[in-house]
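Report on the structure
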Amino acid sequence: MKFFVDTGDVDEIRDLDATGLVDGVTTNPTLIAQTGRNFLEVVEEICSIVDGPVSAEVAATDLDGMLAEGRRLREIAGNVCIKVPLTWDGLKACKALSDEGTQVNVTLCFSAAQALLAAKAGATFISPFVGRLDDIGADGMELISDVVEIYSQYPAITTEVLVASVRSPNHVIDAARMGAHVATLPPKVLRQLALHPLTDKGLAAFVKDWASTGQKIV
Ligand code: G3P
């Protein structure tokens with residue numbers, strides 16, 4: 001499973017990229033607004049840190065605007081992936097940009113029917129939002145299961161399922177069990193994946209007992 005970091009915070013991205021476990025980055029207008037910085041400058045800086053796909057979302061909602069913005073954003077760096085919303089204009093933009101060889105991440109996906117259309121439109125990634133479905137009492141992971149199952153019926157579909165709106169390590173594990181290709185994680189959730197109290201307890205005991213030997217390895 002690939003791990004993307006879901007943030008516009010370049011310090012967080014730099015820190016997590018140093019682990020060697022980061023395969024890409026996703027941003028969205030909300031995450032960019034939270035940085036208080038210029039969008040194009042943030043994307044350029046992220047692309048200089050991470051080699052993998054960096055999703056930069058268009059702001060326009062009409063086809064012509066999405067195409068103009070997508071063609072501008074892809075000039076920033078070779079690993080820019082254009083993010084478009086799952087609307088008819090977004091699907092048309094996805095088809096046009098993917099036909100031009102540009103990676104496209106179709107976002108704000110909340111149904112299997114939408115995901116099927118995104119695959120037909122040539123999306124590189126589809127971003128089903130699991131947390132926001134859970135937030136309204138629906139079952140976000142059931143959507144992931146449906147999309148993975150449907151895509152698996154058609155070898156011609158190369159669109160990768162990018163699990164988004166992730167709220168906890170449980171979402172990550174459940175998505176991995178289902179065979180989702182990518183999970184995009186808030187920095188906090190990515191860090192939580194490594195934590196377990198018994199690991200901390202066990203390490204403390206190892207450190208204490210090793211100290212009692214009075215030995216050094218180097
Ligand atoms: O960036 C896409 C998605 O992961 C954002 O989800 O629900 O945390 O705003 P959310």
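Everything here concerns the structure above.
Everything numeric here is computed off the predicted structure, so don't read it as measured data.

Here's the deal with the sheet that holds strand β5 (residues 104–109)
Within a sheet, neighbouring strands are paired by backbone hydrogen bonds and run either parallel or antiparallel to one another. Spatial ordering of the closed barrel is given by β1-β2-β3-β4-β5-β6-β7-β8, a layout of eight strands whose pairing is parallel. For this sheet the average axis-to-axis angle between neighbouring strands, irrespective of direction, equals 30 degrees. Pairing between strand β2 (residues 24–26) and strand β3 (residues 54–57): two bridges, direction parallel. Bridged to threonine 26 within β3 is serine 55. Where helix α3 (residues 39–49) meets the sheet, it contacts β2, β3 and β4 (80–85), and its direction lies at approximately 170 degrees from that of β3. Along the sheet, helix α4 (residues 63–73) contacts β3 and β4; its crossing angle with β4, the most-contacted strand, is approximately 160 degrees.

So, the site of the ligand
Around the ligand, a shell composed of Asp6, Asn28, Lys83, Phe129, Arg132, Ala164, Ser165 and Arg167 is seen. Within the contact set of the ligand, an oxygen atom lies 2.6 Å away from a side-chain nitrogen or oxygen of aspartate 6. The side chain of arginine 167 places a nitrogen or oxygen atom 3.1 Å from an oxygen atom of the ligand. For the ligand, the protein covers 84% of the area, taking 310 Å² as the surface of the free molecule. Looking at the shell around the ligand residue by residue, the class counts come to two nonpolar, two polar and four charged.

Describing helix α1 (residues 10–17)
Looking only at α1, the buried set comprises Val10, Ile13 and Leu16. All buried residues of α1 fall inside an arc of 130 degrees around its axis, so they share one side. In this structure, the buried residues of α1 make contact with β1 (2–6), β2, α3 and α10 (187–192). By the N-cap criterion, in which a side-chain oxygen at the helix start approaches the backbone nitrogen of a residue two or three places on, α1 is capped by aspartate 9, the distance to aspartate 11 being 2.9 Å.

Some words on the environment of methionine 66
In this fold, methionine 66 is placed in helix α4. Note on methionine 66: relative accessible area 0%, which makes it buried. In sequence terms methionine 66 and leucine 97 are 31 residues apart; their C-alpha atoms lie 9.6 Å from each other. Discounting chain neighbours no more than four positions away, the residues touching methionine 66 are Val58, Ala60, Thr61, Pro85, Thr87, Asp89, Gly90 and Ala93.

Section: unusual backbone geometry
In this structure, leucine 108 is a non-glycine residue whose phi angle is positive, near 60 degrees. Even without being glycine, serine 165 reaches a positive phi, approximately 60 degrees. The residue serine 165 is located in the loop between β7 (160–163) and α9 (169–178) in this model.

Here we look at helix α8 (residues 140–152)
Taking 1.5 Å as the rise per residue, α8 with 13 residues should run 18 Å; its terminal C-alpha atoms sit 19 Å apart, in good agreement. Three or more residues of α8 are buried, namely Gly140, Met141, Leu143, Ile144, Val147, Val148 and Tyr151. All buried residues of α8 fall inside an arc of 150 degrees around its axis, so they share one side. Residues of α8 that are buried make contact with β5, α6 (112–120), β6 (125–128), α7 (130–135), β7 and α9. Here α8 starts with a cap whose side-chain oxygen sits 3.1 Å from the backbone nitrogen of methionine 141, and that cap is aspartate 139.

Observations regarding a negative patch on the surface
There is a patch of like negative charges on the surface, built from Asp134, Asp139, Glu142, Asp146 and Glu149. If you tally residues by element for the negative patch, the top one is α8, at three residues. Looking at where aspartate 146 falls in the secondary structure, it is placed in helix α8. A relative accessible area of 31% means that aspartate 146 is categorised as partly exposed.

Reading the values: rules and limits
Residues numbered from 1 in each chain as written. Predicted model: local features only at pLDDT ≥ 70, side-chain atom pairs only at ≥ 80, totals over all residues. Heavy atoms only, no water. Pairing = 2+ DSSP bridges. Helix = DSSP H or I, 4+ residues; strand = E, 2+ residues; numbered from the N terminus. Axes fitted to C-alpha atoms, helices over the stretch in contact; angles between N-to-C directions. Contact = heavy atoms within 4.5 Å. Near = heavy atom within 4 Å. Polar contact = N/O pair within 3.5 Å; in protein donor to acceptor, adjacent residues only side chain to side chain. Areas by Shrake-Rupley, 256 points an atom, 1.4 Å probe, with all protein chains shown as cover. Nonpolar A, V, L, I, M, F, W, Y, C, P; charged D, E, K, R; others polar. Buried < 20%, exposed > 50% of the residue type's maximum accessible area, 1.4 Å probe, protein only. Arc of directions from axis to C-beta. Expected span 1.5 Å × (residues − 1). Patch = residues over 30% accessible without salt bridge, like charges linked within 9 Å, V, L, I, M, F, W, Y side chains within 5 Å. Salt bridge = Lys/Arg side-chain N within 4 Å of Asp/Glu carboxyl O. Lys, Arg positive; Asp, Glu negative; His and termini not counted. Charge placed at Lys NZ, Arg CZ, Asp CG, Glu CD.

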